[in-house]
Amino acid sequence: MNRILIIGSGGREHALATCFKKSPTVEKVYVAPGNPGMADVAEIIPIPTDDFNALIEFSKANQISLVFVGPEAPLSKGIVDVLSAQGIPIYGPTASAARLESSKSYAKTIMNKYGIPTAQHTTVYNKSEALKYLSVNPAPIVIKADGLMAGKGVTVAMKDQEAIDAIHEIYHDESVVSPVVIEEYLEGEEFSLMAFVKGKTVIAMDIARDHKRAYDFDQGPNTGGMGAYSPVPQISQIQIDEAMDKIMRPIAQAMVLEGNPFEGVLYGGLMATKDGIKTIEFNARFGDPETEVLLPRLLNPLDQVIFDMINDKKPQLKFDPRFALGVVLASKGYPRTFEKDQQIIGLEHIEAQVYHMGTSYQDGFRNASGRVLCVVEMALTLQEAAQKVYTEILKIDAPQLFYRHDIGIK
Ligand code: AMP
Ligand code: GLY
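Residues numbered from 1 in each chain as written. Chains lettered and ligands numbered in written order. Predicted model: local features only at pLDDT ≥ 70, side-chain atom pairs only at ≥ 80, totals over all residues. Heavy atoms only, no water.

> Any chance you could break down the pattern of salt bridges for me, citing the residues and the numbers?
All chains considered together, the criterion is met by 23 salt bridges. Residues joined in a network through salt bridges with shared partners are Lys 104, Glu 190, Lys 212 and Glu 281. (Salt bridge = Lys/Arg side-chain N within 4 Å of Asp/Glu carboxyl O.)

What follows is the structure, given as structure tokens:
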């Protein structure tokens, strides 16, 4: 029987814990540092994600069979390198392989070298270089600060002034020198393709659709994601096959050829453009909130899928054919400043699955971060799933929270 330790504290980790817990071969699930909303399926361990020594000690003392990492930060700090050197079983990319996510310029270099389709781009290093580039490359155009920004360092500028403002914000004083990717605007239908990867082996999961903008009808700033559904009817199997043939398998192969093999969940943020499927970004981990709508559909025991990957046996994934749809409730003000610690009333009346993205507990649950809850329902049609979720959300009394009203509704 397996004992699983999940690293992280959001809705993705709550969905991971719920999924691992369902497996007949999982005895116990721990989450570090977790949040109090996960106590329904896991034991919460108060160890921060970057305290590798404490995580090693805990894993040894509790005979952990598998460590699974949710967020990007510990991966890019080398949690896989450090824990595996101690003989602790962990599935995820090394810090070097996680650069596919942590460095936009590394990802672009590899994609260009191996002919993997992506938006044309340039990298600039200071304000005057950036403004000069913008003066000859008009909007629509996309500005991306390098480094881990959880989708929030990206400005999709539809007007020249928005691009200029973004550059002024990044290079807030003349002394700032840091790489910024400026890239071609891609138009089309966006989708997320996540796969279990080890070296050249790429086992695709079903696809999901995220909604990155904060407000209804894709208005407002980019966020970590305000809602998702899976599968995605507007993307055909032919398009998914193209994404696997031109992007997902080639990038895994490229990493092997670079001497930097990728092991773990690889997330392709993809755009179906009129010129074919193009890469927007790679993430070195499960997406959030995509995981909250994907894992409830996974019919295989998750621990067995991961052990198959580790042992070079190709797992055959099976997904529930129904649609899963999730809507995120976020603190008003997110992705900018917001107030925390206000009470959330009515959660006990909810029949839907509620994944806690960021709650604390004091006389009931309170909002403790930007994204707070993800309410998920499944149904035979997307419309029905959306209807169920939005009906359930009405039972929550929390005026400090907001959500989009158009997830899965055209
Ligand atoms: P990223 O962090 O690179 O995923 O960017 C966040 C979001 O910005 C993406 O999910 C897209 O919705 C949007 N975006 C990023 N790059 C582009 C692009 N080249 N063209 C159009 N939209 C983009
Ligand atoms: N939902 C997008 C991400 O996890 O980066």
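Following the structure, the description resumes.
> Summarise the environment of Ile 56; cite the residues concerned and give the values.
Assignment of secondary structure puts Ile 56 in helix H2 (residues 52-61). A relative accessible area of 9% means that Ile 56 is categorised as buried. Along the sequence, Ile 56 and Val 67 sit 11 residues apart, while their C-alpha atoms lie 10.0 Å from each other. When neighbours within four sequence positions are excluded, Ile 56 is seen to be in contact with Val 82, Leu 83, Gln 86 and Ile 88. (Helix = DSSP H or I, 4+ residues; strand = E, 2+ residues; numbered from the N terminus. Buried < 20%, exposed > 50% of the residue type's maximum accessible area, 1.4 Å probe, protein only. Contact = heavy atoms within 4.5 Å.)

> Hey, could you go over the sheet that holds strand S6 (residues 121-124) for me, with residue numbers and the actual values?
Strand order across the open sheet formed by 4 strands is S6-S9-S7-S8, with antiparallel pairing between neighbours. The open sheet has two free edges, formed respectively by S6 and strand S8 (154-157), since each of these has just one partner strand. If you compare each strand with its neighbour and ignore which way they point, the axes differ by 20 degrees on average. With 4 bridges connecting them, S6 and strand S9 (residues 180-184) associate as antiparallel partners. For Thr 123, the partnering residue across the bridge sits in S9 and is Val 181. Helix-sheet contacts for helix H6 (residues 104-113) involve S6, strand S7 (141-145) and S9, and the interaxial angle to S9 is about 45 degrees. In the packing of helix H7 (residues 127-136) onto the sheet, the strands contacted are S6, S7 and S9, and the crossing angle to S6 comes to about 150 degrees. (Pairing = 2+ DSSP bridges. Axes fitted to C-alpha atoms, helices over the stretch in contact; angles between N-to-C directions.)

> Please set out the environment of Glu 263 residue by residue, giving values where relevant.
Note on placement: Glu 263 falls in strand S15 (residues 263-273). For the pair Glu 263 and Thr 201, spaced 62 residues apart in the sequence, the C-alpha separation amounts to 9.2 Å. In this view, Glu 263 contacts Tyr 91, Gly 92, Pro 93, Val 197, Lys 198 and Ile 310; residues no more than four positions away in its chain are not counted.

> Before we move on, can you summarise the site of ligand 1 with the specific residues and values?
Close to ligand 1 lie 17 residues; Glu 183, Leu 186, Glu 190, Lys 212 and Glu 281 are nearest. For ligand 1, a nitrogen atom lies 2.7 Å from a polar atom in the side chain of Glu 183. Here Glu 281 contributes a side-chain N or O atom positioned 2.7 Å from an oxygen atom of ligand 1. Alone, ligand 1 offers 470 Å² of accessible surface; in the complex the protein occludes 95% of this. Looking at the shell around ligand 1, the elements that each hand over two or more residues are S7, S8, S9 and strand S16 (276-283). Looking at the shell around ligand 1, its residues break down into 8 nonpolar, 2 polar and 7 charged. (Near = heavy atom within 4 Å. Polar contact = N/O pair within 3.5 Å; in protein donor to acceptor, adjacent residues only side chain to side chain. Areas by Shrake-Rupley, 256 points an atom, 1.4 Å probe, with all protein chains shown as cover. Nonpolar A, V, L, I, M, F, W, Y, C, P; charged D, E, K, R; others polar.)

> Explain the site of ligand 2 to me, using residue names and the numbers behind them.
Taken together, Asp 210, Lys 212, Gly 224, Tyr 267, Asn 283, Arg 285, Gly 287, Asp 288, Pro 289 and Glu 290 form the complete shell of residues around ligand 2. One nitrogen or oxygen atom from the side chain of Glu 290 is found 2.8 Å from a nitrogen atom belonging to ligand 2. Out of a free accessible area of 200 Å², ligand 2 has 93% covered by protein chains. By residue class, the composition of the shell around ligand 2 is 2 nonpolar, 3 polar and 5 charged.

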